[in-house]
Amino acid sequence: QILMLLREERCETILLTESHKTRALSVCEYFSLTQYFSKQFFKNDYPNGDKYLFLKERYMPLSKVVLFENEKKEIRRAIRNGIPDKQIIQVKF
């Protein structure tokens, strides 16, 4: 629902994952989410292996990012990289 609202408000929504493209798109298709992302980046799109560095260098300060994350380890990593914890939404499957 949040992604739908963001799209209606014309906010930029980015899928940024350390997953391979085929797996990530399969998951998004299964949950009917693909249409809600204005840009998509996968593991192979950032050669340095750091999705947060990739995002910082190309798009925006991480302090302006709202993150959806399901892994606690990745939530801690996001906070260490500058995403405020109040802007992290923990997703549960």
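Right, let's walk through the structure included here. (Residues numbered from 1 in each chain as written. Predicted model: local features only at pLDDT ≥ 70, side-chain atom pairs only at ≥ 80, totals over all residues. Heavy atoms only, no water.)

**Looking at the environment of Asp45**
Argument step 1. Tracing the sequence through the fold places Asp45 in the loop between strand S2 (39-41) and helix H3 (51-58).
Argument step 2. For the pair formed by Asp45 and Pro84, sequence separation is 39 residues and the distance between their alpha carbons is 25 Å.
Argument step 3. Once residues lying within four places of it in the same chain are set aside, the contact partners of Asp45 are Gln40 and Phe54.
Argument step 4. At a separation of 2.7 Å, a polar atom in the side chain of Asp45 contacts the main-chain amide nitrogen of Phe42. (Helix = DSSP H or I, 4+ residues; strand = E, 2+ residues; numbered from the N terminus. Contact = heavy atoms within 4.5 Å. Polar contact = N/O pair within 3.5 Å; in protein donor to acceptor, adjacent residues only side chain to side chain.)

**A closer look at unusual backbone geometry**
Argument step 1. A positive phi is found at Arg10, a non-glycine position, where the angle reads about 60 degrees.
Argument step 2. Look at Arg10 and you get exposed, because its relative accessible area is 78%. (Buried < 20%, exposed > 50% of the residue type's maximum accessible area, 1.4 Å probe, protein only.)

**Remarks on the pattern of salt bridges**
Argument step 1. This structure, assessed with the given rule, holds seven salt bridges.
Argument step 2. The partner of Glu57 in a salt bridge is Arg58, with the nearest N and O atoms 3.3 Å apart.
Argument step 3. Of the charged contacts in the structure, one is a salt bridge between Glu74 and Arg77, with a shortest N-O distance of 2.9 Å. Of this pair, Glu74 and Arg77 are both found in helix H4 (residues 72-80), three residues apart, which corresponds to roughly one turn of the helix. Across the pair, exposure class does not vary: Glu74 and Arg77 are buried alike.
Argument step 4. One network of salt bridges, in which partners are shared, links Glu18, Asp50, Lys51, Glu69, Glu74 and Arg77. (Salt bridge = Lys/Arg side-chain N within 4 Å of Asp/Glu carboxyl O.)

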